[in-house]
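# Structural features, examined
Here is how the chains run, residue by residue.
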Amino acid sequence: MDSSATGPLLIEQLRTIYDAEKQLTRALPKMAKAASDQELAEGFREHAEQTKQQAARIEQIFQSLGVKPRGIPCAPMQAMIEEGQRILSADMEDDVRDIALACAARRVEHFEIASYDALAAMTQSTKQTELSQLLQETLREESETDKKLSAISKRLLKESARAQPAADGGEKAPRGTGRDKRQPAAAHGRGRNASRASSRGASNGSSRESEAGGRLGGMTTDHEEIRRWAEERGGKPSCVEGTGGKGDIGMLRLEFPGKPNAKDSKLHEITWDEFFEKFDERGLAMVFQDKTSRGQKSNFNKLVSRETEKSRSAGGR
Ligand SMILES: [Fe+2]
């Protein structure tokens, strides 16, 4: 096909997706800040950087086509980002918000996948091989991001389901069993709600009693307190293999003995010094529970952003 026939269409579509990428560059850091799940937040941050490179790739295409690098307002992206903003300002539990954010992000990715797939096909049919390769590179990144988000969503849904109290008012799963191998520090039992409540009232890490008699724990950034709490439960500082970039140890976790999936775990033990160095560098805090509502020692903990928890404690979102 003669490229002059589809030329104006190609430029219009490129300008639309260029605008979409620009909108996303601004939205993703806000989504990262609002996400309480560490992996989800890091995924958003990582994709924000990738999005900047994708916009630069489109600029490169504009340059080789000899047209000005400007955008045409992308209404579908604007609508999807507005949906994301509603999630940020809505009053919902942390786990539900994370699931909603992951869902919204997946919708964005599917829109981008369809757009880049169409653009790559268009340039391929007109033998604009170099342009097609650049577009396919972005298409590959968007598909990868969608896959990661899909895996995170499934894990979050699983954790959220476990966090629902059983019909008798007790906990669905006893501590130390059925815990997701990728998220030993994830919400369990009353943990999610407890963490929210306790982080509001006990940001200095003091413990409180729940209505059901379980000690809710609190939130702390104190190294000694974290180490003591973990070691009392046989917990070891760990990182998740394969989640860090070059020279980075990856996501932090506390690993506890007796997990059913321990042999498959990708957790890798690190020293407390390494753990706390990253813990402070990333501005994390630990939300934890001392005892379950049934009085058993609880391993529930979650590493969260200090900034996010602080603004939630202050009631500001
Ligand atoms: Fe993108």
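Our subject is the structure listed above.
Residues numbered from 1 in each chain as written. Predicted model: local features only at pLDDT ≥ 70, side-chain atom pairs only at ≥ 80, totals over all residues. Heavy atoms only, no water.

### Quick notes on the side chain of Thr 126
Topologically, Thr 126 is positioned in the loop between α4 (94-125) and α5 (129-163). Of note is the side chain of Thr 126, whose polar atom sits 3.2 Å from the backbone oxygen of Met 122. A polar atom in the side chain of Thr 126 sits 3.1 Å from the backbone oxygen of Thr 123. (Helix = DSSP H or I, 4+ residues; strand = E, 2+ residues; numbered from the N terminus. Polar contact = N/O pair within 3.5 Å; in protein donor to acceptor, adjacent residues only side chain to side chain.)

### Some details on helix α3 (residues 75-89)
An α-helix turns once every 3.6 residues. As a result, residues three or four positions apart point the same way. Spanning 15 residues, α3 covers 21 Å between terminal C-alpha atoms, matching the ideal 21 Å at 1.5 Å per step. Turning to α3, its buried residues number three or more, namely Met 77, Met 80, Ile 81, Gly 84, Ile 87 and Leu 88. Take α3 and look down its axis: the buried residues cluster within an arc of 105°, on one side only. α3 presents Ala 75, Arg 86 and Ser 89 as exposed residues on the side facing more than 90 degrees away from its buried surface. (Expected span 1.5 Å × (residues − 1). Buried < 20%, exposed > 50% of the residue type's maximum accessible area, 1.4 Å probe, protein only. Arc of directions from axis to C-beta.)

### Digging into the sheet that holds strand β5 (residues 284-288)
Strand pairing within a sheet occurs via backbone hydrogen bonds; the two strands may be parallel or antiparallel. An order of β1-β5-β6 is seen for the three strands of this open sheet, with the pairing classed as antiparallel. The sheet is open, and its two borders are formed by β1 (218-220) and β6 (301-305), each paired with just one other strand. Within this sheet the neighbouring strands show an average axis-to-axis angle of 30°, counted without direction. Two strands pair when backbone bridges link them, and β5 and β6 are joined in this way by five bridges, in the antiparallel orientation. (Pairing = 2+ DSSP bridges. Axes fitted to C-alpha atoms, helices over the stretch in contact; angles between N-to-C directions.)

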